[in-house]
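# A closer look at the structure
Residue-level listing of the chains:
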Amino acid sequence: MAGITRFGMSIDSSLVKKFDALNAKKGYASRSSAIQDLIREKLVEEEWEAGDQETVGTITIVYNHHTRELEHALTDMQHKSFHQIVSALHVHLDPHNCLEVLVVKGKGQDIKKIADRLIGTRGVKHGKLTMTTTGKELA
């Protein structure tokens, strides 16, 4: 098989059992597929931690839209970051709460700053930055 490297590993049997159970739960076809995903996950983390490479991700926030000046503050922050915010989705969850999902692209350090500002805004009930990769550096 061209481009494929085989290698062996020694792992405690109880850890392998837990790993196999997790793989079955997640639907992996093989241990190899699961290990490849774990390696990619760590590589993506490294990409983000470097902070200077182009990355992509989403910022998800839930907030009460009745909070005084909150919508204005969130919109203002988003406008200041229009180069990094590729798209935004706004969903009315109920008469009081809204969900926003922002698709972001840019240097990891810049995206983290944007996410921290948005999530830390008074009135935001919950927020999360989900980091992924452009895929350029992954096989």
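Rules used in this analysis
- Position numbers for residues count from 1 along each chain, tracking the sequence in the order it is written.
- Restriction of local features to residues with pLDDT of at least 70 applies here, the model being predicted, together with a cutoff of 80 or more for giving and counting side-chain atom pairs; totals for whole chains, interfaces and linings are based on all residues.
- Only hydrogens and water are set aside; all other atoms, that is, all heavy atoms of the structure, feed into the side-chain values.
- Helix and strand assignments follow DSSP, with helices taken as H or I runs no shorter than four residues and strands as E runs no shorter than two, numbered in order from the N terminus.
- As defined in this context, the radius of gyration uses C-alpha atoms, and a globule is described by 2.2 Å times the residue total to the power 0.38.
- Residues are treated as being in contact if the distance between any of their heavy atoms lies within 4.5 Å.
- In these tables, accessible area is a Shrake-Rupley quantity obtained with a 1.4 Å probe, and a residue counts as shielded only by the protein chains included in the view.
- By definition, a salt bridge exists where a carboxyl oxygen of Asp or Glu is found within 4 Å of a side-chain nitrogen of Lys or Arg.
- Exposure classes here rest on a 1.4 Å probe applied to the protein chains alone. A residue is buried below 20% of its type maximum, exposed above 50%, and partly exposed in between.
- pLDDT is a residue-level measure of predictor confidence that goes from 0 to 100.
- Throughout, an axis means a line fitted to C-alpha atoms (over the contacting stretch in the case of helices), and angles, computed between N-to-C directions, take values from 0 to 180 degrees.
- Note on terminology: angles under 35 degrees are roughly parallel, angles over 145 are roughly antiparallel, angles of 65 to 115 are roughly perpendicular, and the others are oblique.
- Basically, the charged four are Asp, Glu, Lys and Arg, the nonpolar ten are Ala, Val, Leu, Ile, Met, Phe, Trp, Tyr, Cys and Pro, and anything else, Gly included, counts as polar.
- Note on pairing: two strands pair once DSSP finds at least 2 bridges between them.

Turning our eyes to something else, we now look at the overall build of the protein. Secondary structure summary: the protein contains four helices and four strands in total. Going residue by residue from the N terminus, the α and β elements of the protein occur as α-α-β-α-β-β-α-β. Relative to a compact globule of 139 residues, whose C-alpha radius of gyration would be 14 Å, the protein shows 20 Å and is clearly more extended. By principal-axis analysis of the C-alpha atoms, the protein measures approximately 60 × 30 × 20 Å. Taking the intrachain contacts of the protein between residues at least 6 apart in sequence as the baseline, contacts between residues at least 24 apart amount to 66%. Surface accessibility of the protein: about 9700 Å² in total, with carbon and sulfur atoms responsible for 54%.

Another point: the pattern of salt bridges. Applying the stated criterion across every chain, the model contains five salt bridges. The closest approach of N and O atoms between R40 and D37, which form a salt bridge, is 3.0 Å. Here the residue R40 and the residue D37 both occupy positions in helix α2 (residues 31-50), the gap between them amounting to three residues, near one helical turn. In this structure R40 comes out as partly exposed when scored by relative accessible area, which is 29%. Between K105 and E54 there is a salt bridge whose closest N-O contact spans 3.8 Å. Taken together, the residues K105 in strand β3 (residues 97-107) and E54 in strand β1 (residues 54-64) connect sequence positions 51 residues apart. On the basis of relative accessibility, which here comes to 39%, the residue E54 falls in the partly exposed class.

This next bit is on the confidence of the model for the protein. The predicted model of the protein averages 90 in pLDDT, with 97% of residues at 70 or higher. The weakest mean pLDDT in the protein belongs to α2 at 87; the strongest belongs to strand β2 (residues 85-92) at 96.

Orientation of helix α1 (residues 13-26) relative to α2, taken along the N-to-C sense of each, is 90 degrees, at an axis distance of 10 Å. Here α1 is positioned roughly perpendicular relative to α2, judged by the angle of their axes. Together, V16, F19, D20 and N23 of α1 and R31, A34, I35 and L38 of α2 make up the contact between the two elements. Here the contact of α1 with α2 is built from residues that sort into five nonpolar, one polar and two charged.

Turning to the sheet that holds strand β4 (residues 124-132), a few remarks are in order. Taking strand neighbours across the sheet as the criterion, the four strands line up as β2-β3-β1-β4 in an open arrangement whose pairing is antiparallel. The outermost strands of the open sheet, each flanked by one partner alone, are β2 and β4. Going across the sheet, the axis of each strand differs from the next one's by a mean of 15 degrees, ignoring polarity. Pairing geometry for β2 and β3, over seven bridges, is antiparallel. Note on β3: the bridge partner recorded for H90 is E100. Sitting on the sheet, helix α3 (residues 70-80) touches β1, β2, β3 and β4, and the angle it makes with β1 is about 170 degrees.

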